[in-house]
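Understanding the architecture of this molecule
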Amino acid sequence: MQKIRPIEMLTSLPSPMSISIWWNGGSILSLLLGLQIVTGLFLSMHYTADMINTFNSVVHIVRDTPAGWLFRSIHANGASFFFVFMYLHIGRGLYYQSYISQPRTWMIGVTIFIVSMGTAFLGYVLPWGQMSFWGATVITNLVSAVPYLGTSIVEWVWGGFSVGQSTLNRFFSLHFILPFLIAGLSLLHLFYLHEKGSTNPLGELSHSSKIPFHPYFTWKDAVGFLVLFILLGLVSLFYPNLMGDPENFISANPMVTPVHIQPEWYFLFAYAILRSIPSKLGGVVALAMSVMILYFLPLSVSKAATPAPFTPPYQLTYWTFIVVFVLLTWLGACPIEEPYLTLAGPLTVLYFLLVVVLASLPAVWKKII
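For clarity, every value in this text was computed on a predicted model and none was experimentally measured. (Residues numbered from 1 in each chain as written. Predicted model: local features only at pLDDT ≥ 70, side-chain atom pairs only at ≥ 80, totals over all residues. Heavy atoms only, no water.)

**A closer look at the overall build of the protein**
As a reminder, the rule being used: Elements are defined by DSSP. Helices are runs of H or I of four residues or more, strands are runs of E of two residues or more, and each kind is numbered from the N terminus. Per-residue accessibility, obtained with a 1.4 Å probe over protein chains only, is compared with the maximum for each type, and a residue is labelled buried under 20%, exposed over 50%, and partly exposed between these values. Contacts between residues were defined by any pair of non-hydrogen atoms, one from each residue, lying within 4.5 Å. Note on areas: these come from Shrake-Rupley sampling with a 1.4 Å probe, and a residue is covered only by the protein chains present in the view.
Along the protein, the regular secondary structure elements total 14 helices and 2 strands. Out of the 369 residues belonging to the protein, those deemed buried represent 46%. Intrachain contacts of the protein at a sequence separation of at least 6 include 80% that bridge at least 24 residues. By element, 74% of the accessible surface of the protein is carried by carbon and sulfur atoms, the whole surface being about 19,100 Å².

**Quick look at helix 7 (residues 130–141)**
Operational definition: A helix is expected to span 1.5 Å multiplied by its residue count minus one.
The end-to-end C-alpha distance of helix 7, which contains 12 residues, comes to 16 Å, matching closely the 16 Å that a straight helix rising 1.5 Å per residue would cover. Of all 12 residues making up helix 7, 9 are buried, and the element is well covered by its neighbours. Burial in helix 7 covers these residues: Q130, M131, S132, F133, W134, G135, A136, T137 and T140. Against helix 6 (103–125), helix 8 (150–158) and helix 9 (165–196) lie the buried residues of helix 7.

**Thoughts on the packing of aromatic side chains**
The description of two aromatic rings rests on the distance between their centres and on the angle between their planes. Spelled out, the test is: Under the pairing criterion, centres of Phe, Tyr and Trp rings, with the six-membered ring standing for Trp, must be within 6.5 Å; the plane angle then separates stacked pairs below 30 degrees from edge-to-face pairs above 60, leaving the rest tilted.
Applying the stated criterion across every chain, the model contains 28 aromatic pairs. For the ring pair W265 and Y266, a centre distance of 5.4 Å and an interplane angle of 75° mean the geometry is edge-to-face. Residue class for W265 comes out partly exposed when judged on its relative accessible area of 27%. Under the relative-accessibility criterion, Y266 is labelled buried at 3%. Seen from their ring centres, F269 and F325 are 4.8 Å apart, and the 40° between their planes marks the pair as tilted. A residue pair is termed long-range when its members are at least 10 positions apart, and F269 in helix 11 (residues 268–275) and F325 in helix 13 (residues 312–332) qualify at 56 residues. Of the two residues examined, F269 and F325, each falls in the buried class.

**Comments concerning the UniProt feature "binding site: heme b b566" (unreviewed entry) in the protein**
Short version of the rule: UniProt positions are given in the numbering used here, feature names are shortened, and annotations may be inferred rather than shown by experiment.
Under the feature "binding site: heme b b566" (unreviewed entry), the UniProt entry names H89 and H189. What stands out for the annotated residues spanning 101 residues is how close their C-alpha atoms remain, the widest pair being 13.1 Å apart. H89 has contacts with G25, G26, L29 and H189, leaving out every residue within four places of it along the chain. Setting aside its immediate chain neighbours within four residues, H189 contacts H89, T105, I108, G109 and I112.

**Quick notes on the nonpolar core**
Spelled out, the test is: We define the nonpolar core as a collection of buried residues of types Ala, Val, Leu, Ile, Met, Phe, Trp, Tyr and Cys that are connected through side-chain atoms lying within 4.5 Å of one another. Residue ranges labeled as domains rest on an automatic or database domain assignment.
Among the nonpolar cores identified, the biggest contains 87 residues, and F113, F269 and Y351 are the most heavily contacted of them. Looking at this core, the element that brings in the most residues is helix 6, giving 12 residues. The residues that make up this core include at least three from each of domain 1 (19–201 + 214–258) and domain 2 (262–368). Discounting residues that sit within four places of it in the chain, Y351 has contacts with F269, I273, S290, F321, V324, F325 and L328. Grouped together as the second largest cluster of nonpolar side chains are 5 residues, L142, A145, Y271 and V284 included.

**Brief notes about unusual backbone geometry**
As a rule of thumb, non-glycine residues mostly have phi less than zero, and peptide bonds are mostly trans rather than cis. Cis geometry marks the peptide bond from E338 to P339; its omega dihedral reads 5°. Mapped onto the elements of the fold, P339 is located in the loop between helix 13 and helix 14 (340–368). You will see that M51, though not glycine, has its phi angle at about 70°, which is positive. Here M51 shows up in the loop between helix 2 (25–44) and helix 3 (54–63). Positioned with a positive phi, Y148 is a non-glycine residue whose angle comes to about 70°. What makes Y148 exposed here is its relative accessible area of 85%.

**A short note on a nonpolar patch on the surface**
Here is the rule: Every patch collects residues that have over 30% relative accessible area and no salt bridge, joining them within 9 Å if they carry like charges and within 5 Å if they are nonpolar side chains (Val, Leu, Ile, Met, Phe, Trp, Tyr). A pair is scored as a salt bridge if a Lys or Arg side-chain nitrogen falls within 4 Å of a carboxyl oxygen belonging to Asp or Glu.
Among the surface-exposed residues, V38, L41, F42, M45, F176, I177 and F180 lie close enough to one another that they form a single nonpolar patch of about 670 Å² accessible area. Secondary-structure assignment places F180 in helix 9.

**Some details on the packing of helix 2 against helix 9**
In plain terms, the rule: Throughout, an axis means a line fitted to C-alpha atoms (over the contacting stretch in the case of helices), and angles, computed between N-to-C directions, take values from 0 to 180 degrees. Any angle between 65 and 115 degrees counts as roughly perpendicular, while under 35 counts as roughly parallel, over 145 as roughly antiparallel, and the rest as oblique. Whether a crossing is left-handed or right-handed is set by the direction in which the near helix is turned from the far one by less than a right angle, anticlockwise for left-handed and clockwise for right-handed. Charged means Asp, Glu, Lys or Arg here, nonpolar means Ala, Val, Leu, Ile, Met, Phe, Trp, Tyr, Cys or Pro, and polar covers whatever is left, Gly included.
Between helix 2 and helix 9, the shortest axis-to-axis distance is 11 Å and the interhelical angle comes to 155°. Our classification of the angle between helix 2 and helix 9 gives roughly antiparallel. Both helix 2 and helix 9 take part in a crossing whose hand is left-handed. Taking contact as the criterion, the partners of L33, I37, L41 and S44 in helix 2 are, on helix 9, F172, F176, P179, F180, I182, A183 and S186. Residue composition of the contact of helix 2 with helix 9, grouped by class: 9 nonpolar, 2 polar and no charged.

The following block contains the structure:
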């Protein structure tokens with residue numbers, strides 16, 4: 001009996017002929033992850049994690065190392081692109097209810113999202129600029145809200161009584177290791193995806209309407225890669241600091257606090273939710289649940305549901321959720337003053353409420369019709 005090689009299994013994978021450009025997200029994310037690992041490897045060869053020379057080592061990479069400016073620009077902007085396509089990928093899964101037909105794939109995908117957020121946060125600290133240092137101080141200090149053990153955990157994370165050399169060392173080590181964990185989880189994500197095959201806009205799982213992955217979808221992925229390279233090249237070469245913070249061009253100074261401390265743009269929605277709750281512990285819980293709530297979607301719906309394209313109330317709820325998400329992201333970048341604080345409260349409630357409605361609406365609509 002002739003053995004089928006893994007590459008042949010991949011290229012001959014039956015795929016729904018109705019899937020659109022929104023299904024390109026997974027392959028683009030894989031490419032971006034590989035790009036981040038490669039550029040990060042080269043940057044680590046010239047990076048110095050000794051706190052005193054750290055900021056200057058980044059300047060050295062940009063100014064003195066051959067093509068160092070290009071590698072750093074691609075790595076820094078690649079992280080933003082990674083989250084752009086991550087959010088598009090999650091948004092597509094929400095709209096087409098992938099969490100119903102592929103619960104295990106969805107769960108692993110949410111885990112990849114959370115680990116990616118942690119990796120990005122660790123990487124943001126490494127340049128040791130003003131926003132890096134104070135962002136690390138503020139975010140890690142949130143753990144102190146944990147009753148009884150909070151202060152001890154924070155000191156353990158810092159490796160001392162403040163963000164310092166030990167913190168930088170361990171953040172660098174973790175930032176280097178975690179992408180390989182993400183790669184392993186991505187392979188597991190792909191394995192479970194191939195058990196049932198991709199979902200599709202029509203929501204049907206019949207094999208009669210499927211075609212081989214190659215050459216039909218390899219060419220579509222190739223077009224997606226080309227568009228990605230054009231966009232990433234445009235930003236990295238012409239607008240390398242478009243998504244950065246001006247404060248990070250100043251070396252970290254524990255004696256001077258920036259006027260407005262904020263994380264990178266892809267964390268702003270969660271930051272706005274954190275700030276909207278007066279209680280520190282309540283804010284930390286809400287911050288964690290803003291992402292963890294995605295784990296509960298496969299557990300709270302019936303297995304029989306009407307696809308989103310045929311469910312107008314679901315579409316309305318979904319797009320309302322997207323608007324709320326964008327508004328929270330905008331509010332996270334706004335100063336901590338009125339009317340921004342007042343606006344964030346109702347939007348936070350609406351954020352969680354809409355996720356619950358999205359989870360329950362497909363099954364309810366199925367009963368109605």
